[in-house]
Amino acid sequence: MTNDDTSFLRLQARTQRFTLGTPRGFQVSPDGRRVLFLRSASGEDRQHILWRLDVETGEETRLADPAVLLGGHEELSPEERARRERSREQGGGVVGNATDSAVRVVAFALSGKVFVADAETGDVRELPTEGPVIDPRPDPTGTHVAYVAHNALRVVGVDGSGDRAIAEPDGPDQACGVAEFIAAEEMGRARGFWWSPDGTRLLVALVDKAAVRRWHIADPANPEAAPNVVSYPAAGTDNVTVRLAIIGLDGSRVDVGWDGEYFVTAHWSAHGLLIATAPRDQRAMRVFAVDADTGATDLLAEDVDDRWVEIVPGVPAWTDDHRLVRVAVADGANRLVVDGKEVTPPSLTVRAVLDVGADVLFTASATDPTQVHVYRWADGEVSQVSTVDGVHGAARGGDVTVVASWSLEHAGPRVSVLRGGEQVATIASYAVEPPVVPNLHLMTVGERGLRVALLYPTGHEPGTRLPVLLDPYGGPHAQRVMASRNAFVGPQWLADQGFAVLVADGRGTPGRGSEWEREIAFDFAGVTLQDQVDALFAVAEAHPDLDLSTVAIRGWSYGGYLAALAVLRRPDVFHAAIAGAPVTEWRLYDTHYTERYLGHPDTNPDVYDRNSLLDDAPKLERPLLIIHGLADDNVVVAHSVRLSSALVAAGRPHALLPLPGVTHMTPQDDEVAENFMLMQVRWLRDALGVAK
């Protein structure tokens, strides 16, 4: 490795893959005068600051700086660490905040303390509260802040007065106002309470984990430390019990009756309270209106599917004129539904609903799933807001829309502030410019039109044969082939080590409609592996520089599963694999994710057996390196240990690399992250027998 190689890896680690310094978390005041957002002070600073943009002048000011407010090191509670792990948040400082309806009163937590900022005056103060605190949220009127401490939901005045508990757990297995593991990890719900529009009541999720199986995650590097005990609902076992109650600041309580296994989300506006629920098999999604005075529910809509109903962010919601907004599958696409009618064409696959008012702002993909655009539905018409190729997101308040755009044409995001359709300001990105430019070929290949990205080494000369490295995720809920330069910076470094790197999105990945996503039902192993094989052969046919006699595959999480699967079941194609944090036995993974795709293990034991890797251990004939973080509470290390044990029992040589203290996120320390990647490249070269 050259010094340039190692400096890139350290820079990539220091910049958190070149994301530090990028603005995010936009909130726009309804009068369109100001935009709040989060951004670190530089591309190598991990502490995020709350900023304010004056839309009229374009001036950016620091509203809340952790260095000023804390004057020292940030301390995180175990509860806050768990929240950040669920959201894969690696940064520090102000990593999240909530506001009142005017986007003036802003609440956030630092070191387990509640801080409140006035977005107009710039005043910031700490509130005297119980701690450690998670998830502080002002009420819409800006008079109170609700927060969770010691699993109790508490409320305090924005002036610091009247701190009190309004919902307390009855025992150690209960919690009030929090999102349980399944909600945060799999359903995209990071919160457990919602304010009423007038700020007098809250809908509160009351969680009881008594029935959930306990797992013990030990730290072998520190044998004196007690194991971390987690409540993990593995496939086929009990979930937490979630009850809902409407609790008033005056001490009143109304229980909400609802059916189903999963409480998906809630929405409370001037037109009333909505909740969405799903049964355990997830083949239905039900939207209920809730009478906040009695707790009675009225079924407004139900979507059903013979496989599963996908959760789409941002819905259900009410429009300003009291029309129900949701997203449902029709004609093979996720379509925006308003007042029971599909209002987007089948050519658009809706990704998320961003804002609902008099109209609806949403993201969707058209014929090219590598691109995500911002659209607006209003007065029966759909118009596109984002105007250049790429991957876009947005936030809105009044007539001001903030659009963040990622593109193949530039590194990092470009953020535009639009009033109407006219740009009136921009928000700067402080992100470090990656020192590599992807040598990228985006293609659509094979009979299924697989979207793939092929990266050659910088300066590659045609006719030079290269070993091939597949670098997939390849499973549900994640795309790797996107129209964003930053998505390919890491793969380009791998290519520059002397590989042709191939990234392919197969069936089951999002953005291509319901039929595409549902192809993986009951057959993770067969479908997703076949698409990787097909992508490899199709690309190699068009690019003869790919040497199919030296093919490796590496991946993390689902990609780790795919990598191990590849050498176990297709050694004729794959000659070496690195499996990072792989799921090896689906009975060990969680209920919501696993049962959605494979069904219940009691009724489909053969499906679980076919998709498990453990029985394939005697088939291993290629080099396999298994890597796993010992502190991983999502894909627990038992997955890798059981596969390793099965391989040992079958007499199959392999390598198992444990990472002490590492969770499901890869190592973050600069030097460790660098050595982690260098080690993998050396191992791949040795395994494939290719020269440096």
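Relevant structure appears above.
We now turn to the structure provided with this report. (Residues numbered from 1 in each chain as written. Predicted model: local features only at pLDDT ≥ 70, side-chain atom pairs only at ≥ 80, totals over all residues. Heavy atoms only, no water.)

## Remarks on the overall build of the protein
Moving on, step 1. Across its full length, the protein carries 12 helices and 44 strands.
Moving on, step 2. Whereas a compact globule of 692 residues would reach a radius of gyration of roughly 26 Å, the protein reaches 25 Å, a difference of no more than 12%.
Moving on, step 3. Every one of the 692 residues in the protein was classed for burial, and the buried ones make up 59%.
Moving on, step 4. Carbon and sulfur atoms make up 48% of the accessible area of the protein, which totals about 26600 Å².
Moving on, step 5. Computed over 63 positive and 96 negative side-chain charges, the inter-centroid distance for the protein is 2 Å. (Helix = DSSP H or I, 4+ residues; strand = E, 2+ residues; numbered from the N terminus. Rg over C-alpha atoms; globule rule 2.2 N^0.38 Å. Buried < 20%, exposed > 50% of the residue type's maximum accessible area, 1.4 Å probe, protein only. Areas by Shrake-Rupley, 256 points an atom, 1.4 Å probe, with all protein chains shown as cover. Lys, Arg positive; Asp, Glu negative; His and termini not counted. Charge placed at Lys NZ, Arg CZ, Asp CG, Glu CD.)

## Here's the deal with the nonpolar core
Moving on, step 1. With 77 residues, the main nonpolar core has V452, F524, F574, W586 and L624 as its most contacted residues.
Moving on, step 2. W586 has contacts with A235, F524, Y558, Y561, Y593, T594, L598, Y608, N611 and S612, leaving out every residue within four places of it along the chain.
Moving on, step 3. Listed in part, the 38 residues of the second largest apolar core include V155, V212, I246 and F263. (Core = buried A, V, L, I, M, F, W, Y, C linked by side-chain atoms within 4.5 Å. Contact = heavy atoms within 4.5 Å.)

## Structural notes on the environment of A453
Moving on, step 1. Among the structural elements, A453 can be located in strand β38 (residues 450–455).
Moving on, step 2. Overall, the relative accessible area of 0% leaves A453 in the buried class.
Moving on, step 3. Each C-alpha atom of the pair A453 and P491 lies 9.7 Å from the other, and the pair is 38 residues apart in sequence.
Moving on, step 4. Residues contacting A453, with those up to four places away along its chain left out, are L440, H441, L442, V481, F488, V501, L502 and V503.

## Quick word on helix α7 (residues 524–542)
Moving on, step 1. In this model α7 runs 28 Å from its N-terminal to its C-terminal C-alpha over 19 residues, within 8% of the 27 Å that 1.5 Å per residue would give.
Moving on, step 2. Taken together, the buried positions of α7 are F524, A525, V527, T528, L529, D531, Q532, V533, A535, L536, V539 and A540. (Expected span 1.5 Å × (residues − 1).)

## Some details on the packing of α7 against helix α8 (residues 558–569)
Moving on, step 1. With their axes 10 Å apart at the nearest point, α7 and α8 run at an angle of 85° to one another. In terms of orientation, α7 and α8 fall into the roughly perpendicular class. Contacts between α7 and α8 involve F524, A525, T528, L529 and Q532 on the former and, on the latter, Y558, Y561, L562, L565, A566 and R569.
Moving on, step 2. A breakdown of the residues in the contact of α7 with α8 according to their chemical character gives eight nonpolar, two polar and one charged. (Axes fitted to C-alpha atoms, helices over the stretch in contact; angles between N-to-C directions. Parallel < 35°, antiparallel > 145°, perpendicular 65-115°, else oblique. Nonpolar A, V, L, I, M, F, W, Y, C, P; charged D, E, K, R; others polar.)

## Here's the deal with the side chain of S416
Moving on, step 1. Tracing the backbone shows S416 in strand β35 (residues 410–419).
Moving on, step 2. A polar contact of 3.1 Å, which involves the side chain of S416, links it to the side chain of Q423.
Moving on, step 3. Beyond its immediate stretch of four places on either side in the chain, S416 contacts T401, V402, V403, Q423 and A425. (Polar contact = N/O pair within 3.5 Å; in protein donor to acceptor, adjacent residues only side chain to side chain.)

## Considering the pairing of strand β36 (residues 422–427)
Consecutive residues of a regular strand have side chains that alternate between opposite faces of the sheet.
Moving on, step 1. Note: β35 against β36, five bridges, orientation antiparallel. Bridging from a neighbouring strand, V417 pairs with A425 of β36. (Pairing = 2+ DSSP bridges.)

## Describing the pattern of salt bridges
Pairs can form between side chains of opposite charge once their charged atoms are near each other.
Moving on, step 1. A complete count under the given rule lists 42 salt bridges for this structure.
Moving on, step 2. Between R518 and D305 there is a salt bridge; the shortest N-O distance is 3.3 Å. In this pair, R518 is assigned in helix α6 (residues 514–518) and D305 in the loop between β24 (297–304) and β25 (317–318), connecting sequence segments 213 residues apart.
Moving on, step 3. A salt bridge links R480 to D471, with the nearest nitrogen and oxygen atoms 3.2 Å apart.
Moving on, step 4. Classification of R480 as partly exposed rests on a relative accessible area of 21%.
Moving on, step 5. Exposure remark for D471: the relative accessible area of 6% places this residue in the buried category.
Moving on, step 6. One network of salt bridges, with partners in common, ties together D31, R33, R34, R104, D118 and E120. (Salt bridge = Lys/Arg side-chain N within 4 Å of Asp/Glu carboxyl O.)

## Here we look at unusual backbone geometry
Moving on, step 1. A cis amide bond links G131 to the next residue, P132, at an omega of 0°.
Moving on, step 2. Topologically, P132 is positioned in the loop between β9 (124–126) and β10 (133–138).
Moving on, step 3. Cis peptide bonds are those with omega within 30 degrees of zero, and the linkage from V315 to P316 qualifies with 5°.
Moving on, step 4. When you line up the elements, P316 lands in the loop between β24 and β25.
Moving on, step 5. Notably, D339 is not glycine yet its phi reads approximately 55°, a positive angle.
Moving on, step 6. Here D339 falls in the partly exposed class, since its relative accessible area comes to 49%.
Moving on, step 7. Even without glycine at this site, D379 takes up a positive phi of about 55°.

## Thoughts on the sheet that holds strand β28 (residues 341–342)
Pairing between the strands of a sheet comes from backbone hydrogen bonds, and it takes one of two forms, parallel or antiparallel.
Moving on, step 1. Across the sheet, four strands lie side by side as β25-β26-β27-β28; this open sheet has antiparallel pairing. Strands with a single pairing partner mark the edges of an open sheet, and in this sheet they are β25 and β28.
Moving on, step 2. The sheet contact formed by strand β27 (residues 333–338) and β28 spans two bridges and is antiparallel. If you follow V338 over to β28, its bridge partner there is K341.

## Re the packing of aromatic side chains
Moving on, step 1. Within the structure shown, the criterion is met by 25 aromatic pairs.
Moving on, step 2. When the centroid spacing of 6.1 Å and the interplanar angle of 80° are considered together, the rings of W51 and Y430 count as edge-to-face. Within this pair, whereas W51 is found in strand β3 (residues 47–54), its partner Y430 is found in the loop between β36 and β37 (440–445), the two being separated by 379 residues in sequence.
Moving on, step 3. These aromatic residues form a ring-pair network of at least three members: W308, Y473, F524, Y558, Y561, W586, Y589, Y593 and Y597.
Moving on, step 4. The side chain of R39 reaches across the aromatic face of Y430, ending 4.0 Å from its centre.
Moving on, step 5. Looking at R512, its charged tip hangs above the ring of W516, at a distance of 3.7 Å from the centre. (Phe/Tyr/Trp six-rings, centres within 6.5 Å; stacked < 30°, edge-to-face > 60°. Lys NZ or Arg CZ within 6 Å of the ring centre and 35° of its normal.)

## A closer look at the sheet that holds strand β21 (residues 262–269)
Moving on, step 1. Pairing in this open sheet of four strands is antiparallel, and the strands run β21-β22-β23-β24 from one edge to the other. Among the strands making up the open sheet, the edge pair consists of β21 and β24. Shown here is a sheet whose adjacent strand axes are inclined to one another by a mean of 20°, direction ignored.
Moving on, step 2. Pairing analysis gives five bridges linking strand β22 (residues 272–278) to strand β23 (residues 284–290), with the strands arranged antiparallel. Directly across from I275, in β23, lies its bridge partner F288.

## Here we look at the side chain of H628
Moving on, step 1. Inspection of the secondary structure puts H628 in strand β43 (residues 624–629).
Moving on, step 2. Polar side-chain contacts of H628 include one of 3.5 Å to the backbone oxygen of V636.
Moving on, step 3. Not counting residues within four places of it along the chain, the set of residues in contact with H628 comprises A581, P582, V635, V636, V637, H639, S640, L657, P658 and L659.

## Quick notes on the layout of surface pockets
Moving on, step 1. What the second largest pocket holds in volume is close to 450 Å³.
Moving on, step 2. Elements with a contribution of two residues or more to the lining of the second largest pocket: β33 (391–397), β34 (400–407) and β35.
Moving on, step 3. A per-element tally of the lining of the second largest pocket places β35 first, with five residues.
Moving on, step 4. Grouping the amino acids of the lining of the second largest pocket by side-chain chemistry returns six nonpolar, 11 polar and five charged. (1 Å grid on protein atoms, 1.4 Å probe; cavity = no way out; pocket = protein on both sides within 12 Å on 5 of 7 lines; lining within 4 Å. Points joined across faces, edges and corners; volume = space filled by probe spheres on them.)

## Details of the environment of H441
Moving on, step 1. Mapping H441 onto the fold places it in strand β37.
Moving on, step 2. Its relative accessible area of 29% is what places H441 among the partly exposed residues.
Moving on, step 3. For the pair H441 and L455, spaced 14 residues apart in sequence, the C-alpha to C-alpha distance is 6.4 Å.
Moving on, step 4. In this view, H441 contacts V452, A453, L454, Y456 and H543; residues no more than four positions away in its chain are not counted.

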